[in-house]
Amino acid sequence: MKTAIDGFQRLVGVIEANPKLMARVANIYTANGQEGVVLKKRPRQLLADRIRFIARSKSSGRGFTADVLVYDEAQELSLQAQRALTYTQSQVQNRQELFTGTVPEEGVNDGEVWQGVRDRGRSGRGKRTGWMEWTPEGSEDPKRVDDIDLGDPQVWADSNPSLGIRMPTQSVIDQYERAMETDPDGFARERLSIWPNPRPVEAVSLSDLDLEVWSRHTHPDAAVEGDGIVLALALTRGGGAATIGKAVRIDDDSIAVEHHHSAAGTMWIAPMLKQMKTELGNPTLVLDSKNAAPVLSALDAAKIKYLVMNLDEIAAAHALFIEWVNAGMVPHRDQAEVTKSLEFATTRNIGRSGMTWEQSDPTKPVTIAQAVTWALWGVLKSEATPKKQMPAAPAPRVVKRTDSGYRDEVDLATFQF
């Protein structure tokens, strides 16, 4: 309120010092809580133009209507205070809200509204938002902000257009010299308006998998198709839902993986796998027999052959998947559900000091992570398994009549080779 009253008094001082402005004034109200200036009515005007200065609170200003709202010291503007005022403009054509302020101090100022204005302005998302700021180059970039030289006169000039005109350069020099001893952050915020964007939220990795590398190797053409596809089946604990994943060798250095389908229940699994086996040329299906126990009888009844992984192979599959992903050798289509599954998956020990995927949260199954992991292992396993060699066909032979030892006609249907 003290800042608002100071602004009111300065405005009144300007008006009273200018006879042309004063001639347009009907009243100047100075009573506590009534501070404002009312002009004389213009022709056909029912209510004269006026300016009011009020304190900001969750209720102050409710019931008023304003064409223009000016929020000074916007770094102190709470969401509740702005909400009490902004909706008073609902029926105003070409309404305006003006925000002026300085960089808020984290944990001290209630700068939620002010930061929202800044973010809309910088990004261009707000179609009716204009944003003006005077800051050093790179001050919005959280990666570059620490490299700004706070003692560079050019940095001072970038942040203060009135430097050397209304603002004496010596004042900035004095502020800089004092702040470097005790409060460099305050100098950067208050004098240079350095206000970096928030750093991108980095997913906390619950495993050794490098999620950044995984995301970087997203490619729209990395579909799992063609010859050599391997399928993998993973069920949630208790068999309440399941996932089918796929993988295929793309080139000498890459194996693509893909989430094919996930759904609740298990009755859909055998029919879908049978259809996929037919359509894809009878691909290998890998699974963990303990994990897939609820559906093994259905797979056997449908005559669907599968390759069972033991504990050591499950642990090896986990290690291989992480190694291949971190090496950038697992291209994949942009499937958000796969990334989320890998992001939320943690690990547990199994087998001979190996690991496998484990849920970090009971509400976030890891079947997709398991399915793509096991599918990649299935590709490597199938390549390492020697192919069965079919015996060579005997060389063709000409049967002569004399071969039978008889001169009579030979019945070729019963001739013994």
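Located above this text is the structure these notes cover.
From a predicted model like this one, the values you see are computed outputs, not experimental measurements.

Chemist: Help me out: how do you make sense of the pattern of salt bridges in this one?
Modeler: Side chains bearing opposite charge may pair, as long as their charged atoms lie close to each other. For the structure on display, the rule yields 13 salt bridges. A salt bridge links E258 to R333, with the shortest nitrogen-to-oxygen separation between them at 3.1 Å. Of this pair, E258 sits in strand β8 (residues 254-264) while R333 sits in the loop between α11 (311-326) and α12 (336-344), placing them 75 residues apart in sequence. Taking the relative accessible area as the measure of exposure, R333 reaches 29% and is therefore partly exposed. Residue K364 pairs with D361 through a salt bridge whose shortest N-O separation is 3.3 Å. What makes K364 partly exposed here is its relative accessible area of 26%. One network of salt bridges, with partners in common, ties together R237, R348 and E358.

Chemist: Looking at this model, I keep getting lost on the nonpolar core. Mind explaining?
Modeler: Counting residues in each nonpolar core, the largest one holds 35 residues, and the members touching the most others are F321, L342 and W357. Broken down by secondary-structure element, the contributors of at least two residues to this core are α8 (211-216), β6 (230-235), β8, α11, α12, β11 (345-350) and α13 (367-384). Top contributing element to this core by residue count: α13, with 10 residues.

Chemist: What am I meant to see in a negative patch on the surface here?
Modeler: Among the surface-exposed residues, D72, E73, E76, D110, E112, D183, D185 and E190 lie close enough to one another that they form a single negatively charged patch. In this structure, D185 sits in helix α7 (residues 184-190). Its relative accessible area of 58% is what places D185 among the exposed residues.

Chemist: Just checking my understanding: could you explain the packing of aromatic side chains for this structure?
Modeler: For any two aromatic rings, the description comes down to two numbers: the centre-to-centre distance and the angle of the planes. Going through the model one piece at a time under the given rule, you end up with 7 aromatic pairs. With a centroid separation of 4.8 Å and an interplanar angle of 20°, the aromatic rings of Y71 and F99 are classed as stacked. Of this pair, Y71 sits in strand β4 (residues 68-71) while F99 sits in strand β5 (residues 96-99), placing them 28 residues apart in sequence. An aromatic cluster is defined as three or more aromatic residues linked by ring pairs; in this entry it consists of W114, W131 and W195. Sitting over the face of the ring of W195, R118 holds its NZ or CZ atom 4.4 Å from the ring centroid. Between the NZ or CZ atom of K364 and the centre of the ring of F344, over which it lies, the distance is 4.9 Å.

Chemist: Explanation requested: helix α10 (residues 293-301) in the structure shown.
Modeler: Note: α-helices contain 3.6 residues per turn, so residues at a spacing of three or four share the same orientation. Burial in α10 covers these residues: V295, L296 and L299. Within α10, the buried residues cover an arc of 125° as seen down the axis, which keeps them to one side. Residues of α10 that are exposed and point over 90 degrees away from its buried face: S297 and A301. On its buried side, α10 packs onto β6, α9 (269-279) and β9 (284-287). Among the residues trailing α10, K303 stands out with phi positive, at a value near 60°.

Chemist: Where do I start with the pairing of β9 in this structure?
Modeler: Every regular strand shows the same layout, with side chains that alternate between the two sheet faces. Across 4 bridges, β6 lies against β9 in parallel orientation. Residue pairing in the sheet places L233 in a bridge with L287 of β9. The pairing of β9 with strand β10 (residues 307-308) spans 2 bridges and is parallel. Looking at β10, one finds that V286 is bridged to L307.

Chemist: Could you clarify how one ought to interpret the pairing of β4 in this entry?
Modeler: Residues L69 and Y71 point to one face of β4 and are all buried, whereas V68 and V70, pointing to the other face, are not buried. Strand direction decides the pairing type here: β4 and β5, joined by 4 bridges, are parallel. Looking at the pairing, Y71 lines up with F99 of β5. Read from β4 through helix α3 (residues 79-86) to β5, the crossover connection turns out right-handed.

Chemist: Just checking my understanding: could you explain a nonpolar patch on the surface for this structure?
Modeler: Nonpolar side chains collect at one region of the surface, where V68, V70 and L98 lie side by side and expose about 250 Å² of accessible area between them. Tracing the backbone through its elements, the reader meets V70 in strand β4. Residue classification places V70 among the exposed residues on the basis of a relative accessible area of 56%.

Chemist: Looking at this model, I keep getting lost on the sheet that holds β9. Mind explaining?
Modeler: Hydrogen bonding along the main chain pairs the strands of a sheet, whether they run parallel or antiparallel. Spatially, the 5 strands line up as an open sheet ordered β8-β7-β6-β9-β10, and their pairing is mixed. Each end of this open sheet is capped by a strand with a single partner; those strands are β8 and β10.

Chemist: Would you mind showing me how to read the sheet that holds strand β3 (residues 50-52) here?
Modeler: Read across the open sheet, the 3 strands follow the order β1-β2-β3; overall the sheet is antiparallel. With one partner strand each, in any of the chains shown, β1 (25-29) and β3 form the two edges of the open sheet. Averaged over all pairs of adjacent strands, the angle between strand axes in this sheet comes to 10°, irrespective of strand direction. With 3 bridges connecting them, strand β2 (residues 36-39) and β3 associate as antiparallel partners. Among the inter-strand pairings, V38 is bridged to a residue of β3, identified as R50.

Chemist: How should I be thinking about unusual backbone geometry in this particular structure?
Modeler: Keep in mind that most residues, glycine aside, have a negative phi and that most peptide bonds are trans. If you check the backbone angles, N282 has positive phi at about 55° while not being a glycine. Locating N282 in the fold gives a position in the loop between α9 and β9.

Rules used throughout
Residues numbered from 1 in each chain as written. Predicted model: local features only at pLDDT ≥ 70, side-chain atom pairs only at ≥ 80, totals over all residues. Heavy atoms only, no water. Salt bridge = Lys/Arg side-chain N within 4 Å of Asp/Glu carboxyl O. Helix = DSSP H or I, 4+ residues; strand = E, 2+ residues; numbered from the N terminus. Buried < 20%, exposed > 50% of the residue type's maximum accessible area, 1.4 Å probe, protein only. Core = buried A, V, L, I, M, F, W, Y, C linked by side-chain atoms within 4.5 Å. Patch = residues over 30% accessible without salt bridge, like charges linked within 9 Å, V, L, I, M, F, W, Y side chains within 5 Å. Areas by Shrake-Rupley, 256 points an atom, 1.4 Å probe, with all protein chains shown as cover. Lys, Arg positive; Asp, Glu negative; His and termini not counted. Charge placed at Lys NZ, Arg CZ, Asp CG, Glu CD. Phe/Tyr/Trp six-rings, centres within 6.5 Å; stacked < 30°, edge-to-face > 60°. Lys NZ or Arg CZ within 6 Å of the ring centre and 35° of its normal. Arc of directions from axis to C-beta. Contact = heavy atoms within 4.5 Å. Pairing = 2+ DSSP bridges. Right-handed = clockwise from strand over helix to strand, strands pointing away. Axes fitted to C-alpha atoms, helices over the stretch in contact; angles between N-to-C directions.

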